[in-house]
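In case you want the letters, here they are:
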Amino acid sequence: MTDLNTNPIGEIEAIAVVEDPRSQWWDVWDQFKTHKGAVLGLAFFVLVILLVLVGPHLWTIAPNHIDIRAKNQGMSLAHPMGTDQLGRDTFAQMLSGGRVSLAVGVVAMALSLFVGTLVGVLAGYFRRIDGLLMRFTDLFLALPLLPLLLVIIMLFRDTLRAAFGPETGIFILIVFVIGITSWMQTARIVRGDVLALKQQEFVLAARSIGTPPHRMILRHVLPNVMSPIMVSATLGIANAIITESALSFLGLGFPSDFPTWGRLLFDSTNFMSLHPARVIWPGLAISLTVLSVNYMGDGLRDALDPRIRGR
Amino acid sequence: MLNFTIRRLLFTIPTLLLISLIIFLLLDLAPNDPTGNLPLTIPAEVREQIRKALGLGDPIYVRYYRWLVQFFVNEPLNLLGEWTHSCIGDCENRLRVTSWATRSPVVDLIAERMPQTLWVVGLSYVVGILIAVPIGVYSAYRQYSWFDQLGTFISMIGFSVPTFFTGVLMIVIFSVQLRWFPSIYDTTLRVTDWSSLGAQIRQMAMPVFVLALYNAAQISRFMRASMLDNLNQDYVRTARAKGLNERVVVLVHVLRNSLIPVVTVIALGVPQVFGGAIITEQVFKVNGLGQLLIIGIQGADIPLVQTLTFIFAVLIVLFNLIADILYGILDPRIRYD
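Peer 1: Which parts of the structure should I look at to understand the overall build of chain A?
Peer 2: The helix and strand inventory of chain A stands at 14 helices and zero strands. What you see in chain A, going N to C, is helices and strands ordered as α-α-α-α-α-α-α-α-α-α-α-α-α-α. For chain A, the residues scored as buried account for 47% of the 311 residues in total. A sequence separation of at least 24 residues applies to 68% of the contacts in chain A between residues at least 6 apart.

So this is what it looks like as structure tokens:
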């Protein structure tokens, strides 16, 4: 009897130990799992990533291996997606093209998130530069992006190719232009959230013990604006993949011998009346990947919204 | 409201000037020689003369000023003179923005291409809105019904699948396999009788449908969300309690209030439609503004690209302004002054 009364805290601790400590992310994952489309999207996206990463090691036909006798073939066991007008295996090209497409998507998204978060946090946190940075963002939003992307690529393509080689040069250029033209929405959302966060007590408490601004931002502000950033990240991947394919489709993206899904689609449109199946594969790959990423974003938005979660 | 409108209008002037400066500098600082496409046999001094003749000899601020004068003063004066069939000022020797490739004024080229773009893009936007609004209204009214699930799914597909794939897919199905529609847009077709009208409708069907699907997907999502916001409001319960029938409640009370944000989204989307149409025009070979831009880019025709890009920028700024003002007019709670 006395034993129990003397140590009530120990009892509570014991109960707490039985119930596993759950972080916020477990709740998010639980909510995420209830969204069927999002789970399907995640599964498909992981599958595509695995395919393009591991696939070229298993499917050993080189994507640019020319076998002119086997040109324009339909689907068969030797060539599951057929071959093109030079007898290159479409499946191998899809695998290596997907690698580039996804790499462009992920890297461009990372760049745009970095710029967007930086601008958003700085504008939200430091009142002095808020007006300037937001006018800058408004200016970017008023630029006609697709025409400008095309113009930039036309103007700087040759220089970068000469500097970094044909493949790396165009990769850097495309990632860079997509990144610097798609950060504005993220910046606006992050700024709004930072402004709201600044009013909260824990920020005041942290400031009152003399936390310097850089630690305030890294330790207190950034972790709390993670959710909108993550939703922007998924939408950013989808946007970057579509933009890259559109550029390639207009003939201003990657060259034919280093194809992406968009370039494959562009190249096969010339043969679309003779071999309609060839346009289906790359188009389907782009569409399904973007669809799955968008569903993931949808599920993530619901899962990260505390008003919906746990209902 | 008038005060706000004037203030916003004044604010667009520095914005547009800044944007034009950015576009100008970008095209100018690029490490690309406009005479690079000419044969290599041209001697260096002749090449230099060609550059001078293109107006590239002067310092950059002189050229920027000249372009500004040409675009904002000379071209509008010229248009005005053409409309009124008169000569304003020195109309014979007035310098106009001239394309390097065709040596004709850029504005004339744009005027040539404008009708096709306006027809295809404008009609697709109207069709998209007409499809999207009823779908959005009904799926919000019957939330989580099979219609709503299907509508949400289709709109998700509509904005995930890029227009260059839907366009190509439509061509494969309807032009190559079924042979219902032509895959190439024929601008020389004149509508004179019923059969040519039919041909015109047939060649417009696919590009309009592709763009309409894309626009409808976006607008119907907004429409649905906005309807859902309004359906649970107190005034809806009041309207029902008064004994109004369901039709009036939904189509008059809720719809009118839900349309306010959707109208601004529609206004904001117009310039994006022009931009997105670049790809669709390329797929269906419609010789509109988008194709003109692509031709200009491929031929390094700097004045043409500069003017077209700037016109797109003007459209964006203009429709942002329209959206802001519309919002203020439609929703008295949001007045800025």
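So that's the structure; there's more coming.
Peer 1: Where do I start with the overall build of chain B in this structure?
Peer 2: For chain B, the count of helices and strands is eleven helices and zero strands. Its C-alpha atoms give chain B principal-axis dimensions of roughly 85 × 60 × 40 Å. Evaluated residue by residue, chain B yields a buried proportion of 45% over its 337 residues. Relative to all contacts within chain B whose residues are 6 or more apart in sequence, the contacts with residues 24 or more apart total 69%. Only carbon and sulfur atoms are counted for the fraction: they give 65% of the accessible area of chain B, which is about 17800 Å².

Peer 1: Even after reading the chapter, I still don't get the interface of chain A and chain B, so can you show me in this structure?
Peer 2: A common way to state how big an interface is: give the accessible area lost once the parts meet. Between chain A and chain B, the residue contacts involve 39 residues of the former and 44 residues of the latter. For the pair chain A and chain B, the interface holds one salt bridge. Across the salt bridge formed by Asp298(A) and Arg221(B), the nearest N and O atoms sit 3.7 Å from each other. Our count for the contact surface shared by chain A and chain B stands at one residue pair in polar contact (both at pLDDT 80 or more). Of the residues forming the side of chain A that touches chain B, the biggest block, twelve residues, is contributed by helix 14 (residues 277-304) of chain A. Split into classes, the residues belonging to the side of chain A that touches chain B amount to 29 nonpolar, seven polar and three charged.

Peer 1: Sorry if this is basic, but what is going on with the packing of helix 4 (residues 36-58) of chain A against helix 5 (residues 90-125) of chain A here?
Peer 2: Axis angle and axis distance: for two packed helices, these are the angle between their axes and the distance between the axes, and together they describe the pair. Residues and elements named next belong to chain A. Viewed as axis vectors pointing N to C, helix 4 and helix 5 meet at an angle of 125°, and their least axial separation amounts to 9 Å. Taken together, the axes of helix 4 and helix 5 are oblique relative to one another. Classified by chirality, the crossing of helix 5 by helix 4 is left-handed. The segment helix 4 lies against helix 5, with Phe-45, Val-48, Ile-49, Leu-51, Val-52, Leu-53, Gly-55, Pro-56 and His-57 engaging Leu-95, Gly-98, Arg-99 and Leu-102. Residues that form the contact of helix 4 with helix 5 fall into these classes: nine nonpolar, three polar and one charged.

Peer 1: I'm lost on the environment of Cys87(B) in this one. Help?
Peer 2: Residue and element names in this part refer to chain B. Summarising the element assignment, Cys-87 is placed in the loop between helix 3 (60-84) and helix 4 (106-141). Since its relative accessible area comes to 47%, Cys-87 is described here as partly exposed. Residues Cys-87 and Leu-77, spaced ten residues apart in sequence, show a C-alpha to C-alpha distance of 9.1 Å.

Peer 1: Can you walk me through the pattern of salt bridges in this structure?
Peer 2: Two side chains that carry opposite charge are able to pair once their charged atoms sit near each other. Residues and elements named next belong to chain A. In the structure shown here, the tally under the stated rule is eleven salt bridges over all chains. A salt bridge links Lys-33 to Asp-30; the nearest nitrogen and oxygen atoms lie 3.6 Å apart. Remark: Asp-30 and Lys-33 occur in helix 3 (residues 24-33); sequence separation between them is three residues, near one turn of the helix. Taking the relative accessible area as the measure of exposure, Lys-33 reaches 44% and is therefore partly exposed. Overall, Asp-30 belongs to the partly exposed group, its relative accessible area being 31%. Here Arg-301 ties to Asp-298 by a salt bridge, and the two come within 3.2 Å at their closest N and O atoms. One end of the pair, Arg-301, and the other, Asp-298, are both in helix 14, three residues apart, so they sit about a helical turn from each other. On the accessibility criterion, Arg-301 (38% relative accessible area) is partly exposed. Counted as one network, the salt bridges with shared partners bring together Arg-135, Asp-138 and Arg-188.

Peer 1: Explain helix 4 of chain A to me, please; I cannot follow it from the model alone.
Peer 2: Side chains that are three or four residues apart share a direction in an α-helix, a result of its 3.6 residues per turn. All names here are of chain A. When the terminal C-alpha atoms of helix 4 are compared, their 31 Å separation across 23 residues agrees well with the 33 Å that a helix rising 1.5 Å per residue should span. Along helix 4, the helix axis deviates most sharply at Val-52, where the bend reaches about 35°; the proline Pro-56 sits within four residues downstream. Among all positions of helix 4, only Gly-37, Ala-38, Gly-41, Phe-45, Val-48, Val-52 and Gly-55 are buried. On its buried face, helix 4 sits against helix 3, helix 5, helix 12 (226-249), helix 13 (261-269) and helix 14.

Peer 1: For this particular structure, what's the right way to read unusual backbone geometry?
Peer 2: Negative phi values dominate among residues other than glycine, just as trans dominates among peptide bonds. Residues and elements named next belong to chain B. A positive phi angle is found at Tyr-144, which is not glycine, with a value near 70°. Along the chain, the position of Tyr-144 falls in the loop between helix 4 and helix 5 (146-160). In this model, Lys-285 sits at a positive phi of 55°, which is unusual for a non-glycine residue. Within the element layout of this structure, Lys-285 appears in the loop between helix 9 (246-284) and helix 10 (289-298).

Peer 1: What exactly am I supposed to notice about the environment of Thr102(B) here?
Peer 2: Residue and element names in this part refer to chain B. Tracing the sequence through the fold places Thr-102 in the loop between helix 3 and helix 4. Residue classification places Thr-102 among the partly exposed residues on the basis of a relative accessible area of 46%. Spatially, the C-alpha atom of Thr-102 lies 9.9 Å from that of Leu-304, the residues being 202 residues apart in sequence.

Peer 1: Explanation requested: a nonpolar patch on the surface in the structure shown.
Peer 2: Residues and elements named next belong to chain B. A contiguous nonpolar patch, built from Leu-2, Ile-6, Leu-10, Ile-13, Leu-17, Phe-72 and Val-73 and spanning about 660 Å² of accessible area, is present on the exposed surface. Taken together, the elements giving at least two residues each to the nonpolar patch come down to helix 1 (2-29) and helix 3. Residue contributions to the nonpolar patch peak at five residues, all from helix 1. By secondary structure assignment, the location of Ile-13 is in helix 1.

Peer 1: Just to check I follow, could you spell out the environment of Ser268(A) for this structure?
Peer 2: Residues and elements named next belong to chain A. Assignment of secondary structure puts Ser-268 in helix 13. Exposure remark for Ser-268: the relative accessible area of 1% places this residue in the buried category. Counting along the chain gives 183 residues from Ser-268 to Gln-85, while the straight-line C-alpha distance between them is 9.1 Å. Other than its neighbours up to four places away in sequence, Ser-268 contacts Arg-278, Val-279 and Pro-282. Side-chain polar atoms of Ser-268 contact the backbone oxygen of Leu-264, separated by 2.6 Å.

Peer 1: Any chance you could explain the domain arrangement of chain B here in plain terms?
Peer 2: Residue and element names in this part refer to chain B. If you check the domain split of chain B, you get domain 1 (20-94) and domain 2 (107-330). Using only C-alpha atoms to locate each centre, domain 1 and domain 2 end up separated by 35 Å. Facing nine residues of domain 1, the contacting portion of domain 2 comprises nine residues. Here domain 1 and domain 2 share an interface that buries about 1000 Å² over both sides, 75% of which is from carbon and sulfur atoms. Across the contact surface, domain 1 and domain 2 share zero salt bridges. Linking domain 1 with domain 2 are zero residue pairs in polar contact (both at pLDDT 80 or more). Looking at the side of domain 1 that touches domain 2, the elements that each hand over two or more residues are helix 1 and helix 3.

Conventions adopted
- Residues numbered from 1 in each chain as written.
- Chains lettered and ligands numbered in written order.
- Predicted model: local features only at pLDDT ≥ 70, side-chain atom pairs only at ≥ 80, totals over all residues.
- Heavy atoms only, no water.
- Helix = DSSP H or I, 4+ residues; strand = E, 2+ residues; numbered from the N terminus.
- Buried < 20%, exposed > 50% of the residue type's maximum accessible area, 1.4 Å probe, protein only.
- Contact = heavy atoms within 4.5 Å.
- Areas by Shrake-Rupley, 256 points an atom, 1.4 Å probe, with all protein chains shown as cover.
- Salt bridge = Lys/Arg side-chain N within 4 Å of Asp/Glu carboxyl O.
- Polar contact = N/O pair within 3.5 Å; in protein donor to acceptor, adjacent residues only side chain to side chain.
- Nonpolar A, V, L, I, M, F, W, Y, C, P; charged D, E, K, R; others polar.
- Axes fitted to C-alpha atoms, helices over the stretch in contact; angles between N-to-C directions.
- Parallel < 35°, antiparallel > 145°, perpendicular 65-115°, else oblique.
- Left-handed = near helix turned anticlockwise from the far one by under 90°.
- Expected span 1.5 Å × (residues − 1).
- Bend = angle between axes of the 7 residues up to and from the residue.
- Patch = residues over 30% accessible without salt bridge, like charges linked within 9 Å, V, L, I, M, F, W, Y side chains within 5 Å.
- Domains from an automatic or database assignment.
- Buried area = accessible area lost by both parts, 1.4 Å probe.

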